[in-house]
Amino acid sequence: MPTHIVKALAAQAAGLILVYTLGQNGWLAALPAIGLALLQGVLAASAAVLLSSPRWWLPIHFLFCPALVLASASGLPAWLYGIIFLALCLIYWSSFRTQVPLFLSNRTTVHRLAASLPSSNSLKVLDAGSGTGSFVRHLARLRPDWKIRGLESAPAPLWLSRWLARKTPAAQLLRGDIWAHPFGEYDLVYAFLSPVPMPALWRKARKEMKAGSLLVSNSFAIPDVKPESIIKIDDRRQTRLYCYRIPGAKPTKP
């Protein structure tokens, strides 16, 4: 079982055990169910901090039990929860395993990246983890002569991306696992993932991509690797694109 799953289960279990122990000693008798759930959330999130879990896990740990209590008190039919669960599975699919949430690239980011690349070259570009296809669609409209692919494993974002790109023929959206898909044919691989997979992504890029090609990471730097350049985006998030040149022969493109 992956380490992050073990940590998540351990944090939730620690919160439940501590609340149960305090209750058995009579210290929580006056608290309603939602109060107990909130206390469990605080304790579970605290345990996650002690276990060095990623920060984005903390609100999940805090809200998990309160959400269960509120859901059970809502009186909604049981089948509705099944539909919600199925929808979440279709959207997030392997996020629990990969620790890569759904991030969306905005139009400003795509325009700035495209402007930094030579327009004279016909490039082959891969968006590794394309989500709803925002990067692929915008770039395909700016550079319709390029070969631009998006690769996504989650069914729901992929279906949505294909529908949104139905009038953009240069945008090619594929279902697949970025770790199984070869990077060798691409001049540029773009990724908007999370801090967790960045070392593995760099190893894959070094192994498979041509010397002189480019790996661009939105927002998340590769630990202990100096980027060739950093593109600062003047948007609400103050996005940064970390650009890594694959070492080897003198680059020809991009």
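Values in this document were obtained by computation on a predicted structure and should not be read as measured data. (Residues numbered from 1 in each chain as written. Predicted model: local features only at pLDDT ≥ 70, side-chain atom pairs only at ≥ 80, totals over all residues. Heavy atoms only, no water.)

## Description of the pattern of salt bridges
As a reminder of what qualifies: The term salt bridge refers to a pairing of a side-chain nitrogen on Lys or Arg with a carboxyl oxygen on Asp or Glu at a separation within 4 Å. Helix and strand definitions here come from DSSP, where helices need a minimum of 4 consecutive H or I residues and strands a minimum of 2 consecutive E residues; each element is numbered from the N-terminal end. The rule is simple: take the accessible area with a 1.4 Å probe, protein chains only, and divide by the maximum for that residue type; under 20% is buried, over 50% is exposed, in between is partly exposed.
Within this structure, the stated rule accounts for five salt bridges. Among the ionic pairs, arginine 149 bridges to glutamate 185, the shortest N-O distance being 3.3 Å. Here arginine 149 is found in strand S2 (residues 147-152), whereas its partner glutamate 185 is found in the loop between strand S3 (171-175) and strand S4 (188-191), with 36 residues between them in sequence. Since its relative accessible area comes to 13%, arginine 149 is described here as buried. Judged by relative accessible area, which is 33%, glutamate 185 ranks as partly exposed.

## Here we look at the pairing of strand S5 (residues 214-218)
Applicable threshold: In this description, strands pair whenever DSSP reports at least two bridges between them.
Counting buried positions along S5 yields five of five residues, so the element is predominantly enclosed. Both faces of S5 are covered, namely the face carrying Leu214, Val216 and Asn218 and the face carrying Leu215 and Ser217. Sheet topology note: the S5/strand S7 (residues 240-245) ladder contains five bridges and is antiparallel. Across the sheet, residue asparagine 218 finds its bridge partner in S7, namely leucine 241.

## Examining the packing of aromatic side chains
Using the following cut-off: The criterion for an aromatic pair is that two Phe, Tyr or Trp rings (for Trp, the six-membered ring) have centres within 6.5 Å, with stacked assigned to planes under 30 degrees apart, edge-to-face to planes over 60 apart and tilted to the rest.
One pass over the structure, following the stated rule, counts three aromatic pairs. Measuring from ring centre to ring centre gives 6.1 Å for phenylalanine 192 and phenylalanine 220, while their planes differ by 40 degrees; the resulting arrangement is tilted. Of this pair, phenylalanine 192 sits in the loop between S4 and helix H9 (198-208) while phenylalanine 220 sits in the loop between S5 and strand S6 (229-232), and the two are 28 residues apart along the sequence. With respect to burial, phenylalanine 192 and phenylalanine 220 carry one shared label: buried.

## Observations regarding a nonpolar patch on the surface
The test is simple: Nonpolar side chains (Val, Leu, Ile, Met, Phe, Trp, Tyr) are joined into patches within 5 Å and like charges within 9 Å, using only residues with over 30% relative accessible area and no salt bridge. The accessible surface values rely on the Shrake-Rupley method and a 1.4 Å probe; as for residues, cover is taken only from the protein chains in view.
A surface patch of nonpolar side chains, about 480 Å² in accessible area, is lined by Ile34, Leu38, Val42, Phe62, Leu63 and Leu70. Elements with a contribution of two residues or more to the nonpolar patch: helix H2 (33-50) and helix H3 (58-73). One can find leucine 70 in helix H3.

## Quick look at unusual backbone geometry
You will see that serine 219, though not glycine, has its phi angle at about 80 degrees, which is positive. Within the secondary structure layout, serine 219 lies in the loop between S5 and S6. Its identity is not glycine, yet aspartate 224 carries a phi of approximately 65 degrees, on the positive side. Checked against the element boundaries, aspartate 224 lands in the loop between S5 and S6.

## Some remarks on the environment of asparagine 218
Heads up, the rule is: Whenever a nitrogen or oxygen atom comes within 3.5 Å of another N or O atom, the pair is scored as a polar contact, on the condition that within protein one atom can donate a hydrogen and the other can accept it, and that pairs from neighbouring residues in sequence are kept only if both atoms are in side chains.
With respect to the helices and strands, asparagine 218 occurs in strand S5. Residue asparagine 218 is classed as buried on the basis of its relative accessible area, which comes to 1%. Between the C-alpha atoms of asparagine 218 and arginine 240, which are 22 residues apart in sequence, the distance is 6.2 Å. Within the structure, asparagine 218 has its side chain in polar contact with the side chain of serine 219 (distance 2.6 Å).

All quantities given are derived from atomic positions and should not be read as evidence of function.
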